[in-house]
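Read off the chains here:
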Amino acid sequence: MADTHVLFVEDDDVIREATQLALERVGFTVTAVSDGLQGLEAFRSDRPDIALLDVMVPGLDGVSLCRRIRDESTVPVIMLSARADAIDVVLGLEAGADDYVTKPFDGAVLVARIRAVLRRFGHAAGDGGAGSGTGGAPGESGALVFGDLEIDTEGMEVRRGGAHVGLTPTEMRLLLEFSSAPGTVLSRDRLLERVWDYGWGGDTRVVDVHVQRLRTKIGQDRIETVRGFGYKLRA
């Protein structure tokens, strides 16, 4: 991933400079800016491969910047926050972020999370990730069909009632995981491992918020909550 371009928005000079050096040391190209408005301008001009956004930055806060980016692009976004407060986490994820990291963070951990997100996005783009070719009733061109929901696992497209459904790569990856085992309860830990590529324990709020976002797009009743166990796709 030597050619990966990272947009980093952070107003703390020490954190910004140290993190930029750590990322460049492992081969990333980094555009680092100190406020959200500069971040939006840099995003539009540089078209980075991934964005790291601190929640509390001047001009345009990280959550608002994430929303603006998500309106224009499905580029992966990781939120950075000095607090593990539930409201910060949920707001960032609901705005369209794919993951979050709590400060202070170890540079190696941040690099690992960036690489995990980028691998996930490669899978979602159709390189044979979870759920490819298995699951619901076959439709046209081998698509999977669950009621009015049709999932084209080759073209990476989803339609509901014949209308196109726009999903982020993380949402697509999550849906592919569900569609690979319809009717089977998938635990949050399994989803963290398979969708978010967590080889260690992660925050299950990431799963819960993404499931809710996915429900708003494919139908609230399509994914069922099995209390105490996880979620399953209604076959």
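Residues numbered from 1 in each chain as written. Predicted model: local features only at pLDDT ≥ 70, side-chain atom pairs only at ≥ 80, totals over all residues. Heavy atoms only, no water.

1. Observations regarding the overall build of the protein
Tallying secondary structure elements over the protein gives eight helices and twelve strands in all. Counting all 235 residues of the protein, 50% fall into the buried class. In the protein, the share of contacts with a sequence separation of at least 24, taken over all contacts with a separation of at least 6, comes to 60%. On the protein, roughly 10400 Å² of surface is accessible, and the fraction owed to carbon and sulfur atoms is 48%. (Helix = DSSP H or I, 4+ residues; strand = E, 2+ residues; numbered from the N terminus. Buried < 20%, exposed > 50% of the residue type's maximum accessible area, 1.4 Å probe, protein only. Contact = heavy atoms within 4.5 Å. Areas by Shrake-Rupley, 256 points an atom, 1.4 Å probe, with all protein chains shown as cover.)

2. Some remarks on the sheet that holds strand 1 (residues 5-9)
Spatial ordering of the open sheet is given by 2-1-3-4-5, a layout of five strands whose pairing is parallel. In this open sheet, the two edge strands, each paired with only one partner strand, are strand 2 (29-33) and strand 5 (99-102). Pairs of neighbouring strands in the sheet enclose a mean axial angle of 20°, with direction left out of account. Of the pairings in the sheet, the one linking strand 1 to strand 2 comprises five bridges and is parallel in character. For Val-6, the partnering residue across the bridge sits in strand 2 and is Val-30. Where helix 2 (residues 36-46) meets the sheet, its contacts fall on strand 1 and strand 2, and the angle it forms with strand 1 comes to roughly 165°. (Pairing = 2+ DSSP bridges. Axes fitted to C-alpha atoms, helices over the stretch in contact; angles between N-to-C directions.)

3. Structural notes on unusual backbone geometry
Phi is mostly negative for residues that are not glycine, and the peptide bonds are mostly trans. Along the chain, Lys-103 connects to Pro-104 via a cis peptide bond; the corresponding omega equals 0°. Phi at Arg-47 is positive, roughly 50°, even though this residue is not glycine. Mapped onto the secondary structure, Arg-47 falls in the loop between helix 2 and strand 3 (50-54). The backbone phi angle of Met-156 is positive, close to 55°, even though this residue is not glycine. For Met-156, the location among the structural elements is in the loop between strand 8 (149-152) and strand 9 (157-160).

4. Quick word on helix 2
Looking at helix 2, one finds that the buried residues are Gly-36, Gly-39, Leu-40, Ala-42 and Phe-43. Axial view of helix 2: buried residues confined to an arc of 165°, hence all on one face. The exposed set on the far side of helix 2, more than 90 degrees from its buried face, consists of Glu-41 and Ser-45. Here the buried face of helix 2 lies against strand 1, strand 2 and helix 3 (62-72). Regarding helix 2, its N-cap is Asp-35, as a side-chain oxygen of that residue lies 2.9 Å from the backbone nitrogen of Leu-37 further along. (Arc of directions from axis to C-beta. Polar contact = N/O pair within 3.5 Å; in protein donor to acceptor, adjacent residues only side chain to side chain.)

5. Some thoughts on the confidence of the model for the protein
Scored by pLDDT, the protein has a mean of 87; 87% of the residues are at 70 or more. In the model, residues 123-134 has pLDDT below 50 throughout and makes 23 contacts with residues more than four positions away in sequence or in other chains. (pLDDT = per-residue confidence, 0-100.)

6. Some details on the side chain of Thr-19
Counting through the fold element by element, Thr-19 comes out in helix 1 (residues 13-25). Take Thr-19: its relative accessible area is 8%, and that puts it in the buried class. Dropping the residues within four chain positions of it, Thr-19 is found in contact with Phe-8, Phe-105 and Leu-110.

7. Topic: the nonpolar core
The biggest cluster of nonpolar side chains holds 52 residues, and the ones touching the most others in it are Leu-53, Met-79 and Phe-178. Residue contributions to this core peak at six residues, all from helix 8 (residues 205-218). With sequence-adjacent residues up to four places away left out, Leu-53 is seen in contact with Val-9, Gly-62, Leu-65, Cys-66, Ile-69, Val-77, Ile-78, Met-79 and Leu-80. By size, the runner-up hydrophobic cluster in this structure holds 17 residues, among which are Leu-23, Val-117, Leu-118 and Phe-121. (Core = buried A, V, L, I, M, F, W, Y, C linked by side-chain atoms within 4.5 Å.)

8. Remarks on the packing of helix 2 against helix 3
With their axes 10 Å apart at the nearest point, helix 2 and helix 3 run at an angle of 20° to one another. In terms of their interaxial angle, helix 2 and helix 3 are classed as roughly parallel. Note on packing geometry: the crossing formed by helix 2 with helix 3 is right-handed. Here Gly-36, Gly-39, Leu-40, Phe-43 and Arg-44 of helix 2 come into contact with helix 3, specifically with Leu-65, Arg-68, Ile-69 and Glu-72. The residue makeup of the contact of helix 2 with helix 3, split by class, is four nonpolar, two polar and three charged. (Parallel < 35°, antiparallel > 145°, perpendicular 65-115°, else oblique. Left-handed = near helix turned anticlockwise from the far one by under 90°. Nonpolar A, V, L, I, M, F, W, Y, C, P; charged D, E, K, R; others polar.)

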